[in-house]
Amino acid sequence: MESSHFYRDTWVEVNLDYIYENVTNMKRFLPDDVAVMAVVKANAYGHGDVQVVKTALEAGASYLAVAFLDEAIHLRSSGIDAPILVLGAVRPNDMSLAAKYNLTLTVFQLEWLQEAISVYKENLPVTFHLKLDSGMGRLGVKEKSEVTELIEVIENDPRFFLEGVFTHFATADELDTSYFEEQYQTFLQMLEWIPVKPKMVHCGNSATGLRFPEKVFNAVRLGIGMYGLTPSLEIKDQLPYNLHEAFSLHSSLVQVKKIAEGEKVSYGATFTADEEMWVGTVPVGYADGWIRSLQNTDVLVDGERCQIIGRICMDQFMVKLPREMARGTKVTLIGGQKNEYIHVDDVAKVLGTVNYEVICTISYRVPRIFLKNKSIIEVRNPVLINH
Ligand SMILES: *Cc1c(COP(=O)(O)O)cnc(C)c1O
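Note that the structure is a prediction, hence the values are computed from the model and not measured.

Rules of the game
Residues numbered from 1 in each chain as written. Predicted model: local features only at pLDDT ≥ 70, side-chain atom pairs only at ≥ 80, totals over all residues. Heavy atoms only, no water. Helix = DSSP H or I, 4+ residues; strand = E, 2+ residues; numbered from the N terminus. Rg over C-alpha atoms; globule rule 2.2 N^0.38 Å. Buried < 20%, exposed > 50% of the residue type's maximum accessible area, 1.4 Å probe, protein only. Contact = heavy atoms within 4.5 Å. Areas by Shrake-Rupley, 256 points an atom, 1.4 Å probe, with all protein chains shown as cover. Pairing = 2+ DSSP bridges. Near = heavy atom within 4 Å. Polar contact = N/O pair within 3.5 Å; in protein donor to acceptor, adjacent residues only side chain to side chain. 1 Å grid on protein atoms, 1.4 Å probe; cavity = no way out; pocket = protein on both sides within 12 Å on 5 of 7 lines; lining within 4 Å. Sits in = over half its atoms within 2 Å of the grid points. Nonpolar A, V, L, I, M, F, W, Y, C, P; charged D, E, K, R; others polar. Phe/Tyr/Trp six-rings, centres within 6.5 Å; stacked < 30°, edge-to-face > 60°. Lys NZ or Arg CZ within 6 Å of the ring centre and 35° of its normal. Axes fitted to C-alpha atoms, helices over the stretch in contact; angles between N-to-C directions. Domains from an automatic or database assignment. Buried area = accessible area lost by both parts, 1.4 Å probe. Salt bridge = Lys/Arg side-chain N within 4 Å of Asp/Glu carboxyl O.

**Thoughts on the overall build of the chain**
On a plain count of helices and strands, the chain comes out with 11 helices and 21 strands. Its C-alpha atoms give the chain a radius of gyration of 24 Å, within 12% of the compact-globule value 21 Å for 387 residues. Looking at the 387 residues of the chain, the share that counts as buried comes to 54%. In the chain, the share of contacts with a sequence separation of at least 24, taken over all contacts with a separation of at least 6, comes to 67%. A total of about 17400 Å² of accessible surface is found on the chain, and carbon and sulfur atoms cover 48% of it.

If you want it as structure tokens, here you go:
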């Protein structure tokens, strides 16, 4: 069990009501027979996997997806018994482990399957989803002959069950839909190679579900949209319903002091005060995922935008304050204060990256507080595991 305590003045708040709403809205938006598969890889995109999973299941998600076996085992060990698809490649040797934990495996190559079978000595059933590469160029089978042989191998072993077939789009979040259409047509052709359609056919990530609900077959793999973030900025104003950002990041001023004109701040002494000013020290640094490139950007202190000055250190950075402020004043790095809001997308823009990367980068070292109905229902602080 993770400790329910933390002793530092920095934390992530995860608003589970928003996760719930984002899943409910997607369910409502999709045709009735389309399932929502909640994508909770990378610790639920940095939010915290177990709480997000429980909320998503309550909101009507019926399947879960993770990237790696370890992530799936973590969910099983935490008492989650919903079906879980491992999207990534599992080691052939570990098929028995997947069977033991009742996990669904992605089968993406005949050679991989043959190797896994050659070492699989259990009598436990194994469920597969077949991954077809329709143009993403990542995991998946491309050739008809390989698909045919692979399906034969699965059918000929009574322990194996092909429950699903899927693909992944490279450009579902782009305004230009030509490559998306091309991939979609390729997927349709590839499906013809499979004589008996498996129970589940899925191709949609959040962007596909939000933009092309008529094209998703019978399940959507909902990731970024569940966390209330847009799959890309270019489609942000065409979303069919409002997304609610569930993630926010907060800290507080641990010291406030006045520096004189000419005084320096932080490593390298790169910042020199051009006048007398008030400076606050904030206990967040690059080891928390607040990386050095965020130097000079703003955070919110007492409802006002304040600039980070000098280099961001491993565990701390400094902000220029508009006036003297009390030690303990709340600092918001992502989220709202009074009339100001810093969105994950704002941070992503500064860094020249996507919102996905920002939330995944906030490290395990920052405790996660889970809120439901405005009350704290759990605190997770992996740093204090077993303490
Ligand atoms: C991560 C992932 C998703 C989720 O994508 P979002 O854009 O976050 O909705 C879906 N499918 C696969 C195969 C993935 O790897």
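**Some points on the pairing of strand β2 (residues 35-39)**
Where burial is concerned, most of β2 is hidden: five out of the five residues are buried. Covered by surrounding structure in β2 are Ala35, Met37 and Val39 together with Val36 and Ala38, the residues of both alternating faces. Pairing of β2 with strand β9 (residues 219-222) involves four bridges; the strand directions are parallel. Across the sheet, residue Val36 finds its bridge partner in β9, namely Val220. Alignment of β2 against strand β3 (residues 63-66), held across three bridges, turns out to be parallel. Residue pairing for β3: Val39 is matched across the bridge by Ala65.

**Quick look at the site of the ligand**
Close to the ligand lie Val39, Lys41, Tyr45, Leu87, Arg138, His168, Asn205, Ser206, Arg221, Gly223, Ile224 and Tyr356, which account for all nearby residues. Here an oxygen atom of the ligand sits 3.4 Å away from a polar atom, N or O, in the side chain of Arg138. Here the ligand loses 92% of its free accessible area of 390 Å² to cover by the protein chains. When atom positions are compared with the pocket grids, the ligand is found to occupy the largest pocket. When grouped by side-chain class, the residues that make up the shell around the ligand number five nonpolar, four polar and three charged.

**Re the packing of aromatic side chains**
In this structure the tally under the stated criterion is 12 aromatic pairs. When the ring of Trp112 is compared with that of Phe128, the centres are 6.5 Å apart and the planes differ by 90°; the resulting orientation is edge-to-face. Placement of the pair is Trp112 in helix α6 (residues 110-119) and Phe128 in strand β6 (residues 126-131), with a sequence separation of 16 residues. Aromatic ring contacts, followed pair by pair, group Phe169, Phe180, Tyr184, Phe187, Phe212 and Phe217 into a single cluster. Between Lys215 and the ring centre of Tyr184, over which it is positioned, the NZ or CZ distance is 5.4 Å.

**Digging into the sheet that holds β9**
As summarised here, the arrangement of the eight strands in space is β8-β7-β6-β5-β4-β3-β2-β9, forming an open sheet in which the pairing is parallel. With one partner strand each, in any of the chains shown, β8 (200-202) and β9 form the two edges of the open sheet. This sheet shows a mean twist of 30° between the axes of neighbouring strands, independent of strand direction.

**Here's the deal with the domain arrangement of the chain**
Taken domain by domain, the chain holds domain 1 (31-228) and domain 2 (247-385). Of note, the centres of domain 1 and domain 2, computed from C-alpha atoms alone, are 37 Å apart. Taken together, the 12 residues of domain 1 in the interface contact 11 residues of domain 2. Taken over both partners, the interface formed by domain 1 and domain 2 buries close to 1000 Å², and the fraction arising from carbon and sulfur atoms is 56%. Joining domain 1 to domain 2, the criterion identifies two salt bridges. A salt bridge links Arg380 to Asp49, with the shortest nitrogen-to-oxygen separation between them at 3.2 Å. One can count four residue pairs in polar contact (both at pLDDT 80 or more) joining domain 1 with domain 2. Broken down by secondary-structure element, the contributors of at least two residues to the side of domain 1 that touches domain 2 are α2 (41-45) and α3 (49-58).

**Some thoughts on the pattern of salt bridges**
The tally for this structure, following the rule as stated, stands at 16 salt bridges. A salt bridge links Glu304 to Arg323; its shortest N-O distance comes to 2.8 Å. Linking Glu304 in strand β16 (residues 304-309) with Arg323 in the loop between β17 (317-321) and β18 (330-337), this pair joins segments that are 19 residues apart in sequence. On the basis of relative accessibility, which here comes to 36%, the residue Arg323 falls in the partly exposed class. Among the charged side chains, a salt-bridge network with shared partners connects Arg8, Asp288, Asp315 and Arg365.

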